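Residue-level listing of the chains:
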Amino acid sequence: MNPRRGERLMVPEAEFQSYYDQPVIKPPVWKVPDVPAYLYLGGLAGASASMAALADATGRPSLRRVGRIASALGATASVGALIHDLGRPERFLHMLRVFKPTSPLSVGSWILAPFGSLAAAGAASELTGIAPRLGSVAGAGAGLLGPAMTTYTAVLLADTAVPAWHEAHPQLPVVFAGSALASAGGVGLLAGAEAGPARRMAVLGAAVELGATELMERSIGLPGEAYRTGRAATVLRAARALTAAGGVGALLGMRHPGSRVTSVLSGLLLNAGAATTRYGIFEAGMQSARDPKFTVVPQRQRLAERGAAAPDNHHH
Amino acid sequence: MTDNRLAGPLDDPTAEAGYPADHPERVGFFTDTSICIGCKACEVACKEWNLLEADGPLDLSGNSYDNTVGLGADTWRHVAFIEQRVPARDKPQVDLGMPGPGPPGGTSQGGDRDDRDATDVRWLMSSDVCKHCTHAACLDVCPTGALIRTEHGTVMVQDDICNGCGYCIPACPYGVIDQRPHDGGAFKCTMCQDRLGDGLAPACATACPTDSIQFGPLDELRERAAQRVEELHERGVPEARLYGHDPSDGVGGDGAFFLLLDEPEVYGFPPDPVVTTRDLPAMWRHAAGAALAAAGGIALAFLGGSR
Ligand code: SF4
Ligand code: SF4
């Protein structure tokens, strides 16, 4: 066991006041699995598109193929999950009614729309063999937008009053980027003899996903507790196990690249891990929104620090 | 160009939103909770005027006389009730003929005599509402443009634009706006936009029998509120304090602010709310950094050489 954990448990429960334990903020009305799936699929699609574009540029047709298919399927399913989550799905196109730099969901929609179109065009060309040049151009375009696809969703969560998300805004994009690399690399393992780059992506991504999640939970103060308790803790434990197992599987494959079973299994584990990580982070946010402690206590501390800095600011 | 577009003091959010210089003055609410009698006339008047449905089946919450529990898609005014046992005082703070402690006909009238001799029961009542923030997170994050700043400086949802994405809901630092389940759209207080246009005060302020809810130009309300706190302090109510009046607070000051008799969190308010988009530039910087690192990581994976 980690000795730091033990120390943390010794800290007495923070005292705070609330209105009949009611939440101060409204918990998101976003649905499961829609929104966790939207987060995971967008990341998978983004990193897959970049992988496919580089595979195209370096003459790896099998890797390009799985990458393009994954990016198109991921983007389409991500849009589908987003639409399904809307309270008024028939008004989905209102997302593109304006471009609002202050809204990560607006910015994200303006990344997702061209990305999805380019990824779909690349995959269509790949599957039909029609217009391979255009397919490459579309694939390159999707590949350029890919990295943005992996992290805008982190800003989407962080730009809320939800303590476990907002306070994690420096670390969350790193977690999401790592997780996206792991899942896309996991899909790329299916490319057989050309899977080398995907394997390295998978291992790197899994390591970043595991490390950055741990770091995030530890560096955000009290809201970090929302990641270490309740359902979020259970889900994130499962996510860690899945990602670690998938990462080890991908690593073993570096020595013995022949085994298809190991590759498929590792890819599945990595993708299950990435999806579960998103779900765990989603749950942690929900928990931190439902319990007024996570809103009141850090704000109180902030006020106390400010009051100590400028004592005349406050009455009493 | 305007500074402080995302956070910080902002004199005229209406002009910042693009209205011409001759726009109407910014209006707001000053809710003086020290004279609220908990009659809920505001809740009822709001429901009536805005044709809001019941929130659900009639239910008792157990939270004193508050069975509404909180603001929501169909509750745009909400009266909070807090029963506190406080040390006995020699003089009542603000005597408005408050009802006695405990539920009517309940046991607390008889029992507990020793305890009641040593303490008074203090009853805090407060009518909550959308704060019509100077920097409104709900408005900032809305991707469709459904949420707008009105010509009166208030914040309003245009129902025909809202696609029910739900983003505004966890963005609000006060937990105000919510989704109407069977409709999918987001709803909250409009400050009776339809009445404002006709030169009328909002329904809640009109119905309030004690003037606990005061409506008017925000500047005037802020002055009046400052006087009222001073007056209460002089009358021996040192715990009176304003909440949401300060243009240098985390949301640039509220269009609807309050006089409270205890810490904000006792009433269910966040003690130090901050508009989440204050940190948006930092968020995008971190996200861009991570995206570039992801691109670099993928490129490195292809440089490994072996297949
Ligand atoms: S209180 Fe909440 S709903 Fe009202 S304007 Fe401010 S952020 Fe929007
Ligand atoms: S639910 Fe409606 S009002 Fe709220 S952010 Fe989405 S589109 Fe805007």
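A brief look at the structure comes next. Computed from a prediction, not measured in an experiment: that's the story for all the values here. (Residues numbered from 1 in each chain as written. Chains lettered and ligands numbered in written order. Predicted model: local features only at pLDDT ≥ 70, side-chain atom pairs only at ≥ 80, totals over all residues. Heavy atoms only, no water.)

**What to know about the site of ligand 2**
Right, so step 1: Near ligand 2 you find 13 residues, and of these C142(B), T144(B), C162(B), C165(B) and C168(B) are the closest.
Right, so step 2: Partitioned by chemical class, the residues of the shell around ligand 2 number nine nonpolar, four polar and no charged. (Near = heavy atom within 4 Å. Nonpolar A, V, L, I, M, F, W, Y, C, P; charged D, E, K, R; others polar.)

**Examining the interface of chain A and chain B**
A common measure of how large an interface is: the accessible area buried when the components associate.
Right, so step 1: Counting residues at the interface gives 74 residues for chain A, matched by 79 residues for chain B.
Right, so step 2: Summing the contributions of chain A and of chain B, the shared interface buries around 6,000 Å²; its carbon and sulfur component is 58%.
Right, so step 3: Counting the contacts that link chain A with chain B gives six salt bridges.
Right, so step 4: Across the salt bridge formed by E265(B) and R300(A), the nearest N and O atoms sit 2.6 Å from each other.
Right, so step 5: Where chain A touches chain B, the interface holds 35 residue pairs in polar contact (both at pLDDT 80 or more).
Right, so step 6: Contributions of two or more residues to the side of chain A that touches chain B are made by helix 2 (34–57), helix 3 (61–85), helix 4 (104–128), helix 5 (132–158), helix 7 (172–188), helix 8 (196–219) and helix 11 (292–309) of chain A.
Right, so step 7: Ranked by the residues each element gives to the side of chain A that touches chain B, the list is headed by helix 5 of chain A, at eight residues.
Right, so step 8: Looking at the side of chain A that touches chain B residue by residue, the classes come out as 40 nonpolar, 21 polar and 13 charged. (Contact = heavy atoms within 4.5 Å. Buried area = accessible area lost by both parts, 1.4 Å probe. Salt bridge = Lys/Arg side-chain N within 4 Å of Asp/Glu carboxyl O. Polar contact = N/O pair within 3.5 Å; in protein donor to acceptor, adjacent residues only side chain to side chain. Helix = DSSP H or I, 4+ residues; strand = E, 2+ residues; numbered from the N terminus.)

**Quick notes on the pairing of strand 8 (residues 213–217) of chain B**
Residue and element names in this part refer to chain B.
Right, so step 1: Judged by how many residues are buried, strand 8 sits mostly within the fold: four of five residues are covered.
Right, so step 2: As defined by bridge partners, strand 1 (residues 27–32) adjoins strand 8 across five bridges and the pair is classed as antiparallel. Each bridged residue has a counterpart across the sheet, and for F29 the counterpart in strand 8 is F215. (Buried < 20%, exposed > 50% of the residue type's maximum accessible area, 1.4 Å probe, protein only. Pairing = 2+ DSSP bridges.)

**Some thoughts on the nonpolar core**
Right, so step 1: Y38(A), Y227(A), I281(A) and L147(B) are the most contacted members of the largest nonpolar core, which has 120 residues in total.
Right, so step 2: With sequence-adjacent residues up to four places away left out, I281(A) is seen in contact with L157(A), W165(A), L172(A), V175(A), F176(A), M216(A), Y227(A) and L236(A).
Right, so step 3: One finds L44(A), A177(A), L181(A) and A301(B) within the second-largest nonpolar core, a separate group that totals 24 residues. (Core = buried A, V, L, I, M, F, W, Y, C linked by side-chain atoms within 4.5 Å.)

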